[in-house]
Amino acid sequence: MYKFILIWLLLVSQASIATETIRVRGSQSEYDSTHNYYVGLIELAFDKLNKPIRIQFSPYMVQDRALFELQSNRLIDLYWAGTNQQRESELGVVRIPLIKGLLGYRVFTIHQDNEQLFSQIKSLKSLKNTTLCQGQHWPDTDIMLAAGLSVITNVVYENMFKQVYADRCKAFPRGINEAFSEVKIRQQIMPKLMVFDDVILHYRFPMYFFTHKDNSQLINDLKSGLMLAIKDGSFDKYMQTHPTTKHLFPLSKWDNKTILTIDNPFLPKSAQVDDKQLWIELGNKK
């Protein structure tokens, strides 16, 4: 009898653990190859805490609208984005770089016809003569403009690939965790799209999880879960095996690339850039 009571109590206890629903944005397009990387990190963090969750996808919205909805505590509970001082002042933030800072290493998505043009770029001065596409509401745009680069913007993610393909801009700088899978998934519709990675543009630029300021439990859970994953090595293992990031390893493959570094004047002072467990450094910067 005692055994059956214990089993019953265990079942009641498990049933009482409510499954938390977390609303996140949907994919930017049917070709958004990196979306499930961040969804997987959410699942990894809560798995480390043994907390059940259900992820619900809201309709896709442009970044500026998504952050407004987040600040208003409507439609979405969590959003991943590059940081700046304004975002961190208006929103709740989990200050753990989701790709360990690799988002700030930018390779160039280009049309094959412009490969020779990019092979001649060896300095920031020569890069400044090249028109780049970038998202209208992305912090990257402000960083690149502050460095004197030539940037044209578009509010729609998919349109920037079309602009490159139509030669309306020479390149769409993308994080090295993004570009290769993005080009691969578009091979059928844009067969002459390619990644040029002999030259890499670099700036300090962590991608964080953002939420409403009042969502302290969600912030604490994500921070605790992700830090557990970092400390036990499962965060690195996730990066090394996920389809959108596994090509980055071994990191030594980037040692002979030309890396052009620019300042990020919008990086909050709270960024823990000296914490080696949170950041990855590549190659020899110039």
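Residues numbered from 1 in each chain as written. Predicted model: local features only at pLDDT ≥ 70, side-chain atom pairs only at ≥ 80, totals over all residues. Heavy atoms only, no water.

Draft legend 1. Quick look at the overall build of the protein. Per the secondary structure count, the protein includes 11 helices and 12 strands. Scaling as 2.2 N^0.38, a compact globule of 286 residues should have a C-alpha radius of gyration of about 19 Å, and the protein matches this with 21 Å. Residues classed as buried in the protein amount to 52% of the 286 residues present. Here the protein has roughly 13,700 Å² of accessible surface; of this, 51% comes from carbon and sulfur atoms. (Helix = DSSP H or I, 4+ residues; strand = E, 2+ residues; numbered from the N terminus. Rg over C-alpha atoms; globule rule 2.2 N^0.38 Å. Buried < 20%, exposed > 50% of the residue type's maximum accessible area, 1.4 Å probe, protein only. Areas by Shrake-Rupley, 256 points an atom, 1.4 Å probe, with all protein chains shown as cover.)

Draft legend 2. Fine view of the pairing of strand 3 (residues 79-82). Residues of strand 3 alternate between two faces, with Y79 and A81 on one and W80 and G82 on the opposite face, all of them buried. Bridge count for strand 3 against strand 10 (residues 207-211) is four bridges, and the pairing is antiparallel. Bridging from a neighbouring strand, W80 pairs with F209 of strand 10. (Pairing = 2+ DSSP bridges.)

Draft legend 3. Seen up close, the packing of helix 2 (residues 35-48) against helix 10 (residues 216-231). For the pair helix 2 and helix 10, interaxial distance at closest approach is 7 Å and the crossing angle is 85°. When the interaxial angle is binned, helix 2 and helix 10 end up roughly perpendicular. Counted together, L41, I42, L44, A45, F46 and K48 of helix 2 and L218, D221, L222, G225, L226, L228 and A229 of helix 10 form the full contact between these two elements. Considering only residue class, the contact of helix 2 with helix 10 consists of 10 nonpolar, one polar and two charged. (Axes fitted to C-alpha atoms, helices over the stretch in contact; angles between N-to-C directions. Parallel < 35°, antiparallel > 145°, perpendicular 65-115°, else oblique. Contact = heavy atoms within 4.5 Å. Nonpolar A, V, L, I, M, F, W, Y, C, P; charged D, E, K, R; others polar.)

Draft legend 4. Local environment of empty space enclosed by the protein. The tally for this structure, following the rule as stated, stands at one cavity of 30 Å³ or more. Of the volumes computed, that of the largest cavity is approximately 350 Å³. What lines the largest cavity is a set of 31 residues, and nearest its centre among them are Q28, Q63, W138, R174 and M207. When residues of the lining of the largest cavity are traced back to their parent elements, those giving at least two are strand 3, strand 6 (131-135), helix 7 (139-146) and helix 8 (157-165). At four residues, strand 3 tops the list of elements feeding residues into the lining of the largest cavity. (1 Å grid on protein atoms, 1.4 Å probe; cavity = no way out; pocket = protein on both sides within 12 Å on 5 of 7 lines; lining within 4 Å. Points joined across faces, edges and corners; volume = space filled by probe spheres on them.)

Draft legend 5. How the structure looks around unusual backbone geometry. For the bond from F249 to P250, the omega torsion is 0°, close enough to zero to count as cis. Mapped onto the elements, P250 comes out in the loop between helix 11 (234-241) and strand 11 (258-261). The backbone of N50 sits at a positive phi, close to 55°, despite the residue not being glycine. Structurally, the position occupied by N50 is in the loop between helix 2 and strand 2 (53-58). Residue classification places N50 among the exposed positions, given a relative accessible area of 68%.

Draft legend 6. Structural context of helix 8. For helix 8, the full list of buried residues reads Y157, E158, M160, F161, Q163 and V164. Contacts from the buried residues of helix 8 go to strand 5 (105-111), strand 6, strand 7 (150-154), strand 8 (172-175), helix 9 (179-185) and strand 9 (193-202). Directly after helix 8, the chain includes D167, whose backbone phi takes a positive value near 65°.

Draft legend 7. Focus on the sheet that holds strand 10. Taking strand neighbours across the sheet as the criterion, the three strands line up as 3-10-4 in an open arrangement whose pairing is antiparallel. Every other strand in the sheet has two partners, leaving strand 3 and strand 4 (92-94) as the edge strands with one partner each. Within this sheet the neighbouring strands show an average axis-to-axis angle of 40°, counted without direction. Taken strand by strand, helix 3 (residues 63-71) contacts strand 3 and strand 10, and its axis lies near 125° from that of strand 3. In this fold helix 10 packs onto strand 4 and strand 10, with an angle of close to 10° to the strand it touches most, strand 4.

Draft legend 8. Just the confidence of the model for the protein, in detail. The pLDDT averaged across the protein works out to 91; a share of 93% of its residues lies at or above 70. Across residues 1-16, confidence stays below pLDDT 50; counting only partners more than four residues off in sequence or on other chains, it has zero contacts. (pLDDT = per-residue confidence, 0-100.)

Draft legend 9. Summary view of the layout of surface pockets. Empty space within the largest pocket amounts to approximately 240 Å³. Residue assignment for the lining of the largest pocket shows that the elements contributing at least two residues are helix 3, helix 4 (85-90) and helix 7. Its residues placed into classes, the lining of the largest pocket shows five nonpolar, four polar and four charged.

Draft legend 10. Examining the packing of aromatic side chains more closely. Under the defined criterion, the tally for this structure stands at 12 aromatic pairs. On the basis of an interplanar angle of 85° and a centroid distance of 5.1 Å, the ring pair of Y37 and Y38 is categorised as edge-to-face. The same class applies to Y37 and to Y38, which are both buried. Linked through ring pairs, Y37, Y38, W80, F209 and Y238 together constitute an aromatic cluster. The side chain of R186 reaches across the aromatic face of F161, ending 3.7 Å from its centre. Geometry around W279 places R204 over its ring, the cationic atom sitting 5.0 Å from the centre. (Phe/Tyr/Trp six-rings, centres within 6.5 Å; stacked < 30°, edge-to-face > 60°. Lys NZ or Arg CZ within 6 Å of the ring centre and 35° of its normal.)

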